[in-house]
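Now for the letters of each chain:
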Amino acid sequence: MATKAPSHQRQQLLGRAIIYGGLLFMAAFYLMPLWVMITTSVKHLDEIYAGSFIGLPKQITFEAWQTAWSEACNGTACRGLKPYFINSLLMTIPAVLLSTGIGAINGYVITKWRFPGSNVIFGLLLFGCFLPFQAVILPMAQTLGMLGLAGTIPGLVLVHTVYGIAFTTLFFRNYFISIPDELVKAAQIDGAGFIRIFVSIILPTALPIIVVSCIWQFTQIWNDFLFGASFTAGENAPITVALNNIVNVSMGRKQYNVDMAAAMIAALPTLIVYVVAGRYFVRGLTAGAVKG
Amino acid sequence: MSTLEIDRIRKSYGIHEVLKEVSISIATGDFLVLLGPSGCGKSTLLNMIAGLDSITGGEVRIAGKVVNDLSPKDRDIAMVFQSYALYPTMTVRQNIEFGMKIRGVPPAEREKAVSKAADLLQMTHLLDRKPAQLSGGQRQRVAMGRAIVRQPKLFLFDEPLSNLDAKLRVDMRTEIKRLHARLGTTIVYVTHDQIEAMTLATRVAVMKDGVVQQLDEPQVVYDRPANVYVAKFVGSPSMNIIPGVLEVQGSTVSAVVDVANRQPARISGIPMSLETARKYAGKKVLVGIRPENFSIAAGDHGSTLAVDIDVVEPTGPDTLVVFNCGGVEVTARLPPKQASAGSEAVLSVDTSKVVIFDAISETRID
Amino acid sequence: MSGSIPFSDRIANWLPRLVLAPSLLVVLVVVYLFICWTGWISLSSSMIVPKYDFVGLSQYVRLWSTPRWHTAVFNLVIFSVLFLGITTLLGLLMAILLDQKIRCEGALRAIFLYPMALSFIVTGTAWKWILNPALGVQKVVNDLGWTSFVFDWIARPSFAIYCVVIAAVWQSTGFAMALFLAGLRGIDNSVIKAAQIEGASLPLIYRQIVIPMLRPAFLSVIVLLSYIAIKSFDLILALTNTGPGSATEMPSTFMYSATFRRDQMGVGAASAMMMLMTVVAIIVPYLYSELKETGDGH
Ligand SMILES: Nc1ncnc2c1ncn2[C@@H]1O[C@H](COP(=O)(O)OP(=O)(O)O)[C@@H](O)[C@H]1O
Ligand SMILES: [Mg+2]
């Protein structure tokens, strides 16, 4: 017994070491690209070509950020990312608010005012979460043309809103379904109607899922490339399209530091949201497994 | 305050019929308890009275007025739910006020009504808390406060005590009874707990599979159950139902039951009409005897059974004695320490309380 | 009877349906009608602009006789198998490691998950730089002294697809891990304790008891990753731009370039329909089983 205990302890210690070692190695692998992006973006181009890939910059400079923000060329113009960053904001914010609002009301009706067929409607909406957008992109382009919205930011707002409804409805449906129906019944007896119950009773309890929905939609819409690339061109493009153009432009010596700064600028809004509200982001992510 | 008439109410979900022609009518100030196992349609019936569920067929009348097509808010009712259904983001005060606010009651009047209700339920100190900061019993109180503050014609309670622990449940039961005595409002109360039904009700409706089995005063339901189902559901331990044969000698009606390993026993002097008894003479029937209607026989007179005792379960005030009779387990409630397991006992039966059921239809025969 | 219902109440009864109707209508149009529309284009002779004639399945015949499409399908298969396999296993491993009462679990989880917050365009841009043979990882290792080390997959047609796999795995493993971790946390601890009391070792407990109990999580992970694999588009454009040559063509990029670059709208629509059918074959049974289970009160 006395000789066995230490060896058992040693074995356990070894086990812990392996676990921590594995996790730290993975963490390093996960952080490496971010590290490389950040350090590269603050290096001089000469230093990069001299072969410093992973090391710390000898001298920190924000020239590349400056260039990426206001001067970088994307094939048609050399105005940097700034106008496209603003485009993305103008596209994302209304689409996030609209799709979240609509999803909240839909979830409320589907869970608290069930009627014959409401489950079928939910099923129909749900498939929209998994729609490969390639299957609707041609008709959507035609329709945007007919509506006079082709190539415009309001057009993108419309597209992101309608295709966001599926996910936001799913979020709110899964959240509201755990709120007891008796709450609605009690409010009905108290004399409250459909809208009053939503505004005074249901919505105040829904704050966490509103945050989840907003964060998810913000990330999805900000990061979208397919719709942006298919429905806009030139100066109305969102930032992802602009970033891709800047990176793929090949004139003279490739400015890797500018590329990385541009990538960081495009990534920053969603990264900040992730850092500030990661918990809610993860909830949105795992809600894709329908039962949530 | 008002009467309530439920007239041949039906409810179906698709082809699934949940309520089948339920008719109940009660007078002003009555305390009606809907008693039945879970899933028998009690809540559905209550929701239809409240207007929260649509009515498939039949009529509901409150104070003589058909309310089928009125929305809940226009029926002048209040309801207390099993889960309390307190609005989680509002304080207790806001919870109680909510209904009055929607009805446009001026703030001063609201304030008065709230403090009156809070006084009545002794929860003035809780008014500014949120539901999450309350214990189960306190939430229950708030839910009741929300109901009484409106002074409705009719109170509806859906298993309001089911989520409380045993001790609190007894306290709140007394409180509800006191409230009813004080306010005198007509109450419909749903429960699956027969003790709640016995203690609270002025009228009990025992339900099974969407059909009312018996509607009567609690004591009548207890003493003269309409059928075997009611007999077994009401009372704890439940009524013993022993197979036997009915006999008529002169004007005496008796039942003969088998006793395990012993002579059959004859229970004589059963209260039922001779006319009916003659029809059943010599036929198999079910003999219903409540556990407390057994006692240790003082002499050899009256109806006695000599039995071998299997199990003895002391409960404190008395002892439950289990033996076999007519092929079923029979429980007798005896004073403590009068019998021991494995021994023999001679029991006498209070025949005036014995009820007889038809062996096939299982309904009571008088 | 119904005549006696006040008008306002009748409106109130219909209000929920009225509120849901616009969403339903919009989704019916932008999802289901548009799918039919795409299906129609795929049966027409559309080239630069949509034409609404009927040429039967000839666009599909054309599609399936295009070598580029063969490459795309082949790449999708390779990519899906590797991406699903590696991501699932790695995600499971990381979830199990994280579930061992680790210090700084929150921080580690945050590190594993942050790539999911990034756009695939950003991921592609970063990895293009890392995998760049002249300046990236290969050069670092060479400079360390291992001069014969070669890691130029991104420039070699037969290996470039593996670079896409690496970047996609990097981006999505955290997602698999989060789903598995949620599954692990949902398992009743007393089951594991009971097995420990019976003397089972930890690896055995995981193999025999815990992992089988994660079945629902596996299902979700695999279905959702398949969906990501099929629609992955931005990552390829940003990382390899379907190159070198068309070595990393995928159905999604094929559809895009056929439609918007090569004026073969009919073929593009046909390829979109093929993608849709694949997704439907995977997702619809999944949704059906998930919804049915919730309906049963699981
Ligand atoms: N919305 C509904 N759809 C279909 N069946 C229902 C619905 N609500 C209740 N039921 C069924 O009606 C029956 C009675 O339910 P309920 O009135 O809640 O029973 P109780 O309150 O007596 O436990 C149950 O069998 C239940 O499954
Ligand atoms: Mg009930």
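Values in this document were obtained by computation on a predicted structure and should not be read as measured data. (Residues numbered from 1 in each chain as written. Chains lettered and ligands numbered in written order. Predicted model: local features only at pLDDT ≥ 70, side-chain atom pairs only at ≥ 80, totals over all residues. Heavy atoms only, no water.)

1. Points about the interface of chain A and chain B
- Taken together, the contact between chain A and chain B spans 15 residues of the former and 23 residues of the latter.
- In this assembly, chain A packs against chain B so that about 1,700 Å² is buried in total across both faces, 65% of it on carbon and sulfur atoms.
- In this structure, the connection of chain A to chain B is made through one salt bridge.
- For the salt bridge of B:Arg150 with A:Asp190, the shortest nitrogen-to-oxygen distance reads 3.4 Å.
- Our enumeration of links across chain A and chain B arrives at six residue pairs in polar contact (both at pLDDT 80 or more).
- For the side of chain A that touches chain B, the elements supplying multiple residues, two or more each, are α8 (181–189) and α9 (194–205) of chain A.
- For the side of chain A that touches chain B, the element with the most residues is α8(A), which contributes seven residues. (Contact = heavy atoms within 4.5 Å. Buried area = accessible area lost by both parts, 1.4 Å probe. Salt bridge = Lys/Arg side-chain N within 4 Å of Asp/Glu carboxyl O. Polar contact = N/O pair within 3.5 Å; in protein donor to acceptor, adjacent residues only side chain to side chain. Helix = DSSP H or I, 4+ residues; strand = E, 2+ residues; numbered from the N terminus.)

2. Structural notes on the sheet that holds strand β16 (residues 304–314) of chain B
Residues and elements named next belong to chain B.
- Taking strand neighbours across the sheet as the criterion, the five strands line up as β15-β19-β16-β17-β18 in an open arrangement whose pairing is antiparallel. With partners counted over all chains shown, the strands left at the sheet margins are β15 (294–296) and β18 (328–334), one partner each. Across this sheet, the average inter-strand angle for adjacent strands is 50°, counted without regard to direction.
- In terms of strand pairing, strand β17 (residues 319–325) meets β18 through seven bridges, oriented antiparallel. Its bridge partner being in β18, Thr319 is matched across the sheet by Leu334. (Pairing = 2+ DSSP bridges. Axes fitted to C-alpha atoms, helices over the stretch in contact; angles between N-to-C directions.)

3. Focus on the interface of chain A and chain C
- The interface of chain A with chain C comprises 83 residues on the first partner and 90 residues on the second.
- Taken together, the links from chain A to chain C amount to zero salt bridges.
- Top contributing element to the side of chain A that touches chain C by residue count: helix α1 (residues 4–41) of chain A, with 15 residues.
- Here the residues of the side of chain A that touches chain C sort into 63 nonpolar, 16 polar and four charged. (Nonpolar A, V, L, I, M, F, W, Y, C, P; charged D, E, K, R; others polar.)

4. Some points on the packing of aromatic side chains
- For the coordinates displayed, the defined rule picks out 42 aromatic pairs over all chains.
- Taking the centre distance of 5.5 Å and the plane angle of 90° together, the rings of A:Phe29 and A:Tyr30 count as edge-to-face.
- For A:Phe29, a relative accessible area of 26% gives the class partly exposed.
- Taking 6.3 Å as the distance between ring centres and 20° as the angle between the ring planes, the aromatic pair formed by A:Tyr30 and C:Trp170 counts as stacked. Of this pair, A:Tyr30 sits in helix α1 while C:Trp170 is found in helix α7 (residues 160–186), placing the two residues in two different chains.
- A relative accessible area of 1% places C:Trp170 in the buried class.
- Between B:Arg146 and the ring centre of B:Tyr87, over which it is positioned, the NZ or CZ distance is 4.7 Å. (Phe/Tyr/Trp six-rings, centres within 6.5 Å; stacked < 30°, edge-to-face > 60°. Buried < 20%, exposed > 50% of the residue type's maximum accessible area, 1.4 Å probe, protein only. Lys NZ or Arg CZ within 6 Å of the ring centre and 35° of its normal.)

5. So, the site of ligand 1
Residues and elements named next belong to chain B.
- For ligand 1, the full set of nearby residues is Tyr13, His16, Val18, Pro37, Ser38, Gly39, Cys40, Gly41, Lys42, Ser43 and Thr44.
- Cys40 places a polar main-chain atom, nitrogen or oxygen, 3.2 Å from an oxygen atom of ligand 1.
- Gly41 is positioned such that a nitrogen or oxygen atom in its backbone is 3.0 Å from an oxygen atom of ligand 1.
- Within the complex, 59% of the 560 Å² of free accessible area of ligand 1 lies under protein.
- Taken together, the elements giving at least two residues each to the shell around ligand 1 come down to β2 (16–26) and α1 (42–50).
- Here the shell around ligand 1 gets three residues from one element, more than from any other, and that element is α1.
- Of the residues that constitute the shell around ligand 1, the class distribution is four nonpolar, six polar and one charged. (Near = heavy atom within 4 Å. Areas by Shrake-Rupley, 256 points an atom, 1.4 Å probe, with all protein chains shown as cover.)

6. Describing the domain arrangement of chain A
- Once the domains are mapped, chain A shows domain 1 (1–29) and domain 2 (82–287).
- Spacing between the C-alpha centres of domain 1 of chain A and domain 2 of chain A amounts to 44 Å. (Domains from an automatic or database assignment.)

7. Some details on a nonpolar patch on the surface
Residues and elements named next belong to chain A.
- A cluster of nonpolar side chains, Leu268, Ile272, Val275 and Val276, forms an exposed patch at the surface whose accessible area comes to about 390 Å².
- Structurally, Leu268 is set in helix α13 (residues 256–286).
- Classification of Leu268 by relative accessible area gives partly exposed; the value is 31%. (Patch = residues over 30% accessible without salt bridge, like charges linked within 9 Å, V, L, I, M, F, W, Y side chains within 5 Å.)

8. A few points about the nonpolar core
- By size, the foremost hydrophobic cluster in this structure holds 234 residues, and its most contacted members are A:Tyr163, B:Val188 and C:Phe112.
- Broken down by element, the residue count for this core peaks at 16 residues, all from α7(C).
- Beyond its immediate chain neighbours, meaning those up to four positions away, C:Phe112 contacts A:Leu23, A:Met26, A:Ala27, A:Tyr30, C:Met94, C:Leu98, C:Gly174 and C:Met177.
- Among the nonpolar cores identified, the runner-up in size contains 43 residues, and B:Val92, B:Val114, B:Met123 and B:Val149 belong to it. (Core = buried A, V, L, I, M, F, W, Y, C linked by side-chain atoms within 4.5 Å.)

9. Quick notes on unusual backbone geometry
All names here are of chain B.
- With omega at -5°, the peptide bond leading from Ser236 into Pro237 counts as cis.
- Examined against the element boundaries, Pro237 turns out to sit in the loop between α8 (228–233) and β11 (240–249).
- One non-glycine residue, Arg8, lies in the positive phi region at around 45°.
- With respect to the element layout, Arg8 can be found in strand β1 (residues 4–13).
- Even without being glycine, Glu362 reaches a positive phi, approximately 60°.
- Tracing the backbone shows Glu362 in the loop between β20 (355–358) and β21 (364–365).
- When its relative accessible area of 35% is taken as the criterion, Glu362 is described as partly exposed.

10. Brief notes about the pairing of β1(B)
All names here are of chain B.
- Where β1 and strand β4 (residues 57–62) come together, five bridges link them in antiparallel fashion. Each residue of the ladder has a partner; that of Asp7, found in β4, is Glu59.
- With seven bridges joining them, β1 and β2 adopt antiparallel strand pairing. The residue of β2 that forms the bridge with Glu5 is Ser25.
- The antiparallel hairpin formed by β1 and β2 contains two residues in its connecting segment, where Gly14 sits at a positive phi of about 65°.

11. Describing the pairing of strand β19 (residues 344–349) of chain B
Residue and element names in this part refer to chain B.
- Sheet topology places β15 next to β19; three bridges connect them, and they run antiparallel. Across the sheet, residue Phe294 finds its bridge partner in β19, namely Val349.
- Sheet topology note: the β16/β19 ladder contains five bridges and is antiparallel. From the neighbouring strand, Ala306 faces β19, where its bridge partner is Val346.

12. Some points on the pattern of salt bridges
- In this structure the tally under the stated criterion is 24 salt bridges over all chains.
- Residues A:Asp181 and A:Lys112 are paired through a salt bridge, measuring 3.0 Å at the closest nitrogen-oxygen approach. With A:Asp181 in helix α8 and A:Lys112 in helix α4 (residues 82–112), this residue pair connects regions lying 69 residues apart in the sequence.
- Judged by relative accessible area, which is 31%, A:Asp181 ranks as partly exposed.
- The residue B:Lys167 makes a salt bridge to B:Asp171 at a minimum N-O spacing of 3.0 Å.

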